[in-house]
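# Results of the structural survey
Residue strings, one per chain:
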Amino acid sequence: MISELEQFRNETLAEGLVKAIRRYDGRPVSIMEVCGTHTMAISRYGIRELLPPNVRLISGPGCPVCVTPSFYLKSALELCRRENTIVATFGDMMRIPYKGVSLLTEKALGRDIRMVYSPLDSLDIARQHPDKTVIFLSVGFETTVPVTAIAVLEAAQQGLDNFMILSANKTIPAAMHLLSSDPEVAVDGFLYPGHVSAVIGSGLYEELAKAYGIPGAVTGFDPADILGSILYVLEQIRDKKATVANLYSMVVQPGGNPIARGKIDEVFEPSDAVWRGLGQIPGSGLRLREKYRAFDAWGLINGSVEERDEEAGGCRCGDILKGKCLPSDCKLFGKICTPETPVGSCMVSSEGTCAAYYRYQ
Amino acid sequence: MSEIITLAHGSGGKLTHQLIQGIFQKHFRNDWLLEGGDSAVLETLPGQMAFTTDSYVIHPLFFRGGNIGKLAICGTVNDLAVCGAIPRYISCAWIIEEGFDFGELEEIAESMAATAQEAGVLIVTGDTKVVPRGCADKLFLNTSGVGFIPEGLRLSPALIRPGDQVIVTGTIGDHGTAILIEREQLQVETGLASDCAPLNGMLELVTASMGGAVRLMRDPTRGGVATTLNEFTEGQGFGIRLEENALPVKGEVSGLCGMLGMDPLYIANEGKALLVVDGAQADRAMELLRSHPYGRDAAVIGEVVADHPGKVYMRTLAGGHRIIDMLVGDQLPRIC
C-alpha cells in the first residue's frame, strides 16, 4: 500500500490547482459533492477555505447512514431485542439515535450486536451460530450492495436458513435526477462519487448533464483530485458547457462494473424507498427478489413499524442533505446536536455533513 | 501442576502459593518480592516521587509486537517516564479467568520480566485473583509504578511558550492498527506490529542533557496524538499548529485507516511520546532522540502558536486548515 501522505507530500500540484481555482471570476456558484467520503475529505483537507467567496461547496445525500430513515432504526432495534438473534452491522450504524436509544446502548444492555467490516463477516457469524438468527443491517449504495448480494447468494447456495438481511440499500441515479430537477436545489455542478461510480459507471452523469445542463466530474478522494474536479466544473460553468469529466479513470469505467451490477440485479429488484430528508423516491431502493425473500428480515417486522421518517424537532438534516442549508444554519448544530449527543444522523456518521463540519471547521 | 488455572489457584491456599512461586517469583525474582511481605518496604530517593496506576484489558492478549504483560510494564513505565521520573518499582495485580492456560500465563510473566529488565524496574509486589469462568475476559492486569523525578526537572503546560516545537518520537498509529488487524482478523497482508516499548531510556537521554528546554512530555496512548495534544492546549493561552506533511505515518497504517475511514491521529500508540521543547533547542532534542533505537523516526510535527488559544489545528496537505478536536467515543469503521 502506498501512503497517501507520501503520494501527496508534493504539495506543488495542490497549490497550482488552488491558484487556478482562485482565478475564477464568474457568477457565484454552488457545487455539490454527492458523496459523504468527499464531504469528509473536503473538510479534512480544509478545501473550503481555499476557495474564492464566489465558489461554494454544498454536501449532498451520499452518506448511506445519513439518508437512512428513522423507521429503519426503529425496526433494527426491534429485531435486536428478539430472542436468539444476532444483529450484525457496520460501525456507523451503532450510534444513530432513535428516541434516546441506539444499537450501542442496546449492546450495553446485553443484546447480541456485532460490528462487521463486510456483509460476508455476518455470513460467517451465521455459520458459527446455527441456533441463532443472524440479521445483517444492509445499508449502503452501489459500493457495498454487490457484496451483500454475494452474501445472500452464498447463503442460498449453502442452504443457510439462519441468515437474513434488513435492506435499506439505495441506488444513486434516481436521487441525482431528483436533485437535478428540484428548483429549490440550485446546484451548478456536481462532484460525482468515486466508489459508487466504479460500479454504475460514468455514463449516467452524461445523461444528467445533457438533461439538466449541469456539469460534473467523477473524482477520487485526495486533495489534488478534488481540487482538480472543482477546477474542471468551474471551467465548464465559465465556458457555458455541461460535460462530465472522469478524473478517476483508473477506477471508474464509463460502463462501470458489469459483474457487480449483475450480482445486484440477480438478488435485488428496484423498489420505492424513503430517504431521510428527501422523502420517498420512486425506484431508488433495493429489495430482495421473490426468489430470495426467505432472507428478508422485513418479513420479521411484518408491518409492525410504520414506514415514516420522524425528524427530531428543529433538526434540519433534510435541508442539509439537499444542500439547501449549511450545518451551521441549523439551530441545534454544535449546541444541542454534537458528536457526543447527536440529534440527527448527519452528526452521527463519520461521513455525515454535520459531523464533518463540526470536527473540521 | 495442572495446565489450566482453576479457582483453587486463587483461594490463597497451597495452589496459590505454588502459582506465585512457580511463575511470579521465578520470573520477577528480586529481594523485595522474595521477602513475601504484605507490603514491599522500599528505599526512597531524593527528588519528587511519581506514582501511577493503570489497568490492561486488551483483546487479543497476544499480538504482533507484544502481549498484555509487556504492555502492562511499558504502559506504567512510560506513564512515569513522561513525567520526567526515573521508574523504579512496579506492582502487578492479576485477575485471571478460571480455565486460563498456564503456559500462556507463564509466557506473559516472562515477557513482563524481560521488559522490566530492559526498563530497569523491579516488580516488587503483586496480587492474584482467579474469578469464575465468564466473570472476566481471560486475563486483566493492573500495574502501579513508582519513580523519582531528578532534582530541578520540571515539566508543565504552564512552561509552554509560542515558538516551542512539538516532537513525536516515531510513526503514529502503529499499535492501534496492529491490534485492529488481529482483533478483527482483517485479511490484510502486513508486517505491521505494535510499537509497545519502554521509553524511559530514550526520554532520560533528552531530559538529562537538556532538562530546562523540555516543557512537557506525554505518551499518546488511547485517543492518539490528537487527543493528547488537545490535553496540552485545553484551557491554555496557546494553540498548537500541526503540519500534515510532517506527520510520520507508515504506509500500511495510512492505507488501512483510509479504507476504514479512520484517522491515524486518533489511533493508540504504546511506544511513542510527544514532547514540547524550546524552539531554539528542537534540533538538539531531535538529534538525541534519533540516536536512540526507539526514536529513529522522530519528527517535528508542529509548533506552539499564540493564535487559536486552547485549540489544535493542522495545516493540511492541500494548504488549508482544519481543527483537530478530541475524539468522541471510539472511532467506528465507516460504511463505504
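A quick note: this is a predicted structure, and the numbers were derived from the prediction, not measured.

## Some words on the domain arrangement of chain B
All names here are of chain B. One can read the domain layout of chain B as domain 1 (4–149) and domain 2 (157–323). Using only C-alpha atoms to locate each centre, domain 1 and domain 2 end up separated by 28 Å. Each side of the interface is counted separately: domain 1 has 22 residues, and domain 2 has 22 residues. Our enumeration of links across domain 1 and domain 2 arrives at zero salt bridges. At the surface where domain 1 touches domain 2, the tally comes to nine residue pairs in polar contact (both at pLDDT 80 or more). Counting residues per element, the ones that place at least two in the side of domain 1 that touches domain 2 are strand E2 (62–63), helix H3 (68–81), strand E4 (86–97) and helix H4 (102–119). Across the side of domain 1 that touches domain 2, the residue classes break down as twelve nonpolar, six polar and four charged.

## Quick look at the pairing of strand E10 (residues 274–277) of chain B
Residue and element names in this part refer to chain B. The alternating pattern of E10 places Leu-274 and Val-276 on one face and Leu-275 and Val-277 on the opposite face, and all of these are buried. For strand E7 (residues 165–168) and E10, the ladder comprises four bridges, and the chain directions are antiparallel. Along E10, the bridge assignment pairs Val-166 with Val-276. Bridge count for strand E8 (residues 214–218) against E10 is four bridges, and the pairing is antiparallel. Across the sheet, Leu-216 pairs through a bridge with Val-276, a residue of E10.

## Observations regarding the UniProt feature "domain: PurM-like N-terminal" (unreviewed entry) in chain B
As recorded in UniProt, the sites labelled "domain: PurM-like N-terminal" (unreviewed entry) are residues 36–148 of chain B. A distance of 24 Å separates the end C-alpha atoms of residues 36–148 of chain B, which is 28% helix and 40% strand.

## Some remarks on the sheet that holds E4 of chain B
Residue and element names in this part refer to chain B. Taken in spatial order, the four strands line up as E1-E6-E4-E5 in an open sheet, and their pairing is mixed. Looking at which strands have only one partner, the edges of the open sheet turn out to be strand E1 (48–56) and strand E5 (122–131). For this sheet the average axis-to-axis angle between neighbouring strands, irrespective of direction, equals 10°. Examined bridge by bridge, E4 and E5 share nine bridges and lie parallel to one another. Paired with Tyr-89 across the strands is Leu-122, a residue of E5. Contacts between H4 and the sheet are confined to E4, E5 and strand E6 (139–149), with E4 contributing the most and set at about 175° to the helix.

## Topic: the UniProt feature "domain: PurM-like C-terminal" (unreviewed entry) in chain B
Within this numbering scheme, the UniProt entry marks residues 161–313 of chain B as carrying the feature "domain: PurM-like C-terminal" (unreviewed entry). Along residues 161–313 of chain B the backbone is 33% helical and 18% strand, and the end-to-end C-alpha distance reaches 17 Å.

## Here's the deal with the environment of Gly-60 of chain A
Residues and elements named next belong to chain A. Tracing the sequence through the fold places Gly-60 in strand E2 (residues 55–62). Residue Gly-60 is classed as buried on the basis of its relative accessible area, which comes to 6%. Measuring from C-alpha to C-alpha, the distance between Gly-60 and Leu-79 comes to 30 Å, with 19 residues separating the pair along the chain. Contact partners of Gly-60, with chain neighbours within four places excluded, come to Met-32, Glu-33, Val-34 and Leu-321.

## A word on the domain arrangement of chain A
Residues and elements named next belong to chain A. Taken domain by domain, chain A holds domain 1 (4–62 + 174–246), domain 2 (70–171 + 256–301) and domain 3 (326–360). Here the C-alpha centroids of domain 2 and domain 3 sit 25 Å apart. The partner domain 3 presents seven residues to the five residues of domain 2 that form the contact. Summed over both sides, the interface between domain 2 and domain 3 buries roughly 510 Å², with carbon and sulfur atoms accounting for 54% of that surface. Broken down residue by residue, the surface that domain 2 buries against domain 3 is led by Asp-92, Pro-97 and Arg-276, which jointly contribute 70%.

## Comments concerning the pairing of E4 of chain B
Residue and element names in this part refer to chain B. Pairing of E4 with E6, which is carried by ten bridges, proceeds in the antiparallel orientation. Bridge pairing in E6 links Pro-87 to Gly-147. For the crossover from E4 across H4 to E5, the handedness is right-handed.

## Overview of the pattern of salt bridges
Residue and element names in this part refer to chain A. Throughout the structure, instances matching the rule amount to 29 salt bridges over all chains. One salt bridge in this structure joins Glu-184 and Lys-324, with 2.8 Å as the shortest N-O distance. Of the two residues, Glu-184 sits in the loop between helix H8 (172–181) and strand E7 (189–192) while Lys-324 sits in the loop between helix H14 (317–321) and helix H15 (345–348), which places them 140 residues apart along the sequence. Of the residues examined, Lys-324 reaches a relative accessible area of 28% and is grouped as partly exposed. Note that Glu-269 is salt-bridged to Arg-287, the shortest N-O span being 2.9 Å. Residue Glu-269 is located in strand E10 (residues 268–275), and its partner Arg-287 is located in strand E11 (residues 279–288); the two are separated by 18 residues in the primary sequence. Overall, Glu-269 belongs to the buried group, its relative accessible area being 18%. Several salt bridges share partner residues, and in doing so they unite Glu-269, Arg-287, Arg-289, Glu-290 and Arg-293 into one network.

Parameters at a glance
Residues numbered from 1 in each chain as written. Chains lettered and ligands numbered in written order. Predicted model: local features only at pLDDT ≥ 70, side-chain atom pairs only at ≥ 80, totals over all residues. Heavy atoms only, no water. Domains from an automatic or database assignment. Contact = heavy atoms within 4.5 Å. Salt bridge = Lys/Arg side-chain N within 4 Å of Asp/Glu carboxyl O. Polar contact = N/O pair within 3.5 Å; in protein donor to acceptor, adjacent residues only side chain to side chain. Helix = DSSP H or I, 4+ residues; strand = E, 2+ residues; numbered from the N terminus. Nonpolar A, V, L, I, M, F, W, Y, C, P; charged D, E, K, R; others polar. Buried < 20%, exposed > 50% of the residue type's maximum accessible area, 1.4 Å probe, protein only. Pairing = 2+ DSSP bridges. UniProt positions renumbered as here; feature names shortened; annotations may be inferred. Axes fitted to C-alpha atoms, helices over the stretch in contact; angles between N-to-C directions. Buried area = accessible area lost by both parts, 1.4 Å probe. Right-handed = clockwise from strand over helix to strand, strands pointing away.

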